[in-house]
Amino acid sequence: MKFDIITENGNLWAVRYDNCLDNVLDTILDQWNDVTWLRSFFKQNMHDLASYFKITDVNQAIYDTIEDSDRLQCLIMDISPDANLDEIFRPLENERISEMLLGKEKARLRNTHRHASWLRIYAIKLDPGIYIITGGAIKLTRTMQEREHTLVELARMEKVRNFLLDNDIVDMDSFNDYLKEVR
């Protein structure tokens, strides 16, 4: 497992899993802009799309995904000095009200003009304002436990969190120490 820096200020990182050429952020953004991949995904998940979002037109779902992906990428990649990733990422568990060590977080668009955005970017919070992206998904159900592709993302988050803990990484200082060791 490797970690790629995403923003120049070092506040956003993305995991590059073993045997993968790209980090997870590049991979999910590529998927969310790949019409062929999206068509296949929405055809396989049409029941969820129709029942939860009331959308039965695959082309509309593809268009909405690409538009939301562009907006989410702009929001996340805002590298202005005053950009606050804590305003974008929220606790994965909606009922969690306190901070936790290496908390599991999610980012999604708010205030979309159509329907709620189904795009999610998942991350581990290293320190306030500092995140390591572990993956992302198109979430068409109420909970992540309902579908295999979102269960995979939960497992990835846990795998990264355990990797960090196993390597005594609990904050940005220990993360920087780890990065110096592996270089």
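Below is a summary of the structure that appears in this document. The structure displayed is predicted, hence computed values, not measured ones. (Residues numbered from 1 in each chain as written. Predicted model: local features only at pLDDT ≥ 70, side-chain atom pairs only at ≥ 80, totals over all residues. Heavy atoms only, no water.)

**Describing helix α3 (residues 46-53)**
Basically, it comes down to this: Relative accessible area decides the class of each residue, using a 1.4 Å probe on protein chains only: under 20% of the type maximum gives buried, over 50% gives exposed, and in between gives partly exposed. Put simply, DSSP H or I for four residues or longer makes a helix, DSSP E for two residues or longer makes a strand, and each gets a number counted from the N terminus. Think of the arc as the fan of directions from the helix axis to the C-beta atoms. In this analysis, two residues are considered to be in contact whenever any of their non-hydrogen atoms come within 4.5 Å of each other.
Listed in full, the buried residues belonging to α3 are D48, L49 and F53. What you see down the axis of α3 is that its buried residues fit within an arc of 100°, all on one side. Buried residues along α3 sit in contact with α2 (35-44) and α4 (58-76). Looking one or two residues past α3, K54 carries a phi angle of roughly 60°, positive in sign.

**Digging into a negative patch on the surface**
The condition that has to hold: Patch criteria: residues need more than 30% relative accessible area and no salt bridge. Like-charged residues are merged within 9 Å; nonpolar side chains of Val, Leu, Ile, Met, Phe, Trp and Tyr are merged within 5 Å. Areas reported as accessible are Shrake-Rupley estimates using a 1.4 Å probe. Residue values count occlusion only from the protein chains shown. By definition, a salt bridge exists where a carboxyl oxygen of Asp or Glu is found within 4 Å of a side-chain nitrogen of Lys or Arg. Positive: Lys, Arg. Negative: Asp, Glu. His and the chain ends are not part of the count. Taken as the charge location is NZ of Lys, CZ of Arg, CG of Asp or CD of Glu.
Residues D22, D26, D30 and D34 make up a contiguous surface patch of negative charge. Inspection of the secondary structure puts D30 in helix α1 (residues 24-32). When its relative accessible area of 49% is taken as the criterion, D30 is described as partly exposed.

**Some words on the packing of α2 against α4**
As a reminder of what qualifies: In this analysis, axes come from line fits to C-alpha atoms, helices being fitted only over the stretch in contact, and the angle between any two N-to-C directions falls in the range 0 to 180 degrees. For this classification, under 35 degrees means roughly parallel, over 145 means roughly antiparallel, 65 to 115 means roughly perpendicular, and everything else is oblique. Left-handed describes a crossing in which the near helix is turned anticlockwise from the far one by less than a right angle; the clockwise case is right-handed. Amino acid classes used here: Ala, Val, Leu, Ile, Met, Phe, Trp, Tyr, Cys and Pro are nonpolar; Asp, Glu, Lys and Arg are charged; the rest, including Gly, are polar.
One can describe the packing of α2 onto α4 by two numbers: an axis separation of 9 Å at closest approach and a directional angle of 125°. The orientation of α2 with respect to α4, classified from their angle, is oblique. Crossing of α2 over α4 shows right-handed handedness. Here α2 contributes V35, L38, R39, F42 and K43 to the contact with α4, which in turn contributes V58, N59, A61, I62, T65 and I66. Of the residues belonging to the contact of α2 with α4, the class tally is seven nonpolar, two polar and two charged.

**Section: the side chain of K106**
To keep things clear, this is the line we draw: Nitrogen and oxygen atoms within 3.5 Å of one another constitute a polar contact, given that in protein one can donate a hydrogen and the other can accept it, and given that sequence-neighbouring residues count only through two side-chain atoms.
Along the chain, K106 turns up in strand β4 (residues 104-107). Given a relative accessible area of 13%, K106 falls into the buried group. Of note is the side chain of K106, whose polar atom sits 3.3 Å from the backbone oxygen of L92.

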